[in-house]
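Chains, contacts and geometry: an overview
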Amino acid sequence: MTSGSPSHGLEIAARMRPLRIGVNALYLIPGGVGGTEIYLSNLVRALAEIDSANEYFLFTNLETGD
């Protein structure tokens, strides 16, 4: 499999049926986890910027907050 750029996969995905992608954030407690919390926050923010074709659902609990 070859690709010319990182966005190549997103271009292909845009032509396909949108996916519904679930992200498990049940373990996150703001300010209490550290690196994984920062990683997931940045990942979700970056996906929102580059992928408008798919739907993302974050599964959280009451302790996770907004």
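Remember, predicted model here, so these are calculated numbers, not experimental data. Sequence positions are assigned chain by chain, starting from 1 and proceeding in written order. Note on the predicted model: pLDDT of at least 70 is required for a residue's local features to be given, and 80 or more for side-chain atom pairs to be given and counted; whole-chain, interface and lining totals, by contrast, use all residues. Note: side-chain values were computed over all heavy atoms of the structure, leaving out hydrogens and water.

1. Examining the overall build of the chain
Formally: Each helix is a run of DSSP H or I of at least 4 residues and each strand a run of E of at least 2, with the numbering of both proceeding from the N terminus. Exposure classes here rest on a 1.4 Å probe applied to the protein chains alone. A residue is buried below 20% of its type maximum, exposed above 50%, and partly exposed in between. Between two residues, a contact is recorded if the distance between any of their heavy atoms is within 4.5 Å.
Scanning the chain for helices and strands turns up two helices and two strands. Counting helices and strands in the order they occur from the N terminus, the chain gives α-β-α-β. Here the chain holds 66 residues, and the buried ones make up 11% of them. Considering only residue pairs separated by 6 or more positions, the chain has 69% of its internal contacts joining residues 24 or more positions apart.

2. Describing a nonpolar patch on the surface
Definition in use: To count toward a patch, a residue needs a relative accessible area over 30% and no salt bridge; like charges are then connected within 9 Å, while nonpolar side chains (Val, Leu, Ile, Met, Phe, Trp, Tyr) are connected within 5 Å. The protein chains shown are the only cover counted for residues, whose accessible areas, like all others here, come from Shrake-Rupley with a 1.4 Å probe. Every case where a carboxyl oxygen of Asp or Glu lies within 4 Å of a side-chain nitrogen of Lys or Arg is listed as a salt bridge.
A contiguous nonpolar surface patch, about 270 Å² in accessible area, is contributed by L26, F57 and F59. Looking at the secondary structure, you find F59 in strand β2 (residues 55-59).

3. Quick look at the environment of D51
Note the threshold: Here a polar contact means two N or O atoms within 3.5 Å. Within protein one must be a hydrogen donor candidate and the other an acceptor candidate, and residues neighboring in sequence count only if both atoms are side-chain atoms.
In this fold, D51 is placed in the loop between α2 (35-50) and β2. In sequence terms D51 and E11 are 40 residues apart; their C-alpha atoms lie 9.6 Å from each other. A polar contact of 2.7 Å, which involves the side chain of D51, links it to the side chain of Y56.

4. Points about the side chain of D51
Heads up, the rule is: Residues counted as positive are Lys and Arg, residues counted as negative are Asp and Glu, and His and the chain ends are not counted.
An unpaired buried charge is present at D51: no salt bridge exists, and R20, the closest side chain of opposite charge, is 13 Å distant. A polar atom in the side chain of D51 sits 3.1 Å from the backbone nitrogen of A53.

5. Here's the deal with the environment of R17
Relative to the helices and strands, R17 resides in the loop between α1 (8-15) and β1 (20-24). Judged by relative accessible area, R17 falls into the exposed class, the value being 73%. Counting along the chain gives 36 residues from R17 to A53, while the straight-line C-alpha distance between them is 8.4 Å.

6. Focus on the side chain of N54
Among the structural elements, N54 can be located in the loop between α2 and β2. Within polar-contact distance, the side chain of N54 engages the backbone nitrogen of L19 at 2.7 Å. Within the local environment of N54, its side chain forms a polar contact with the side chain of D51, the two groups lying 2.8 Å apart. Residues in contact with N54, not counting those within four places in the same chain, are P18, L19 and I21.

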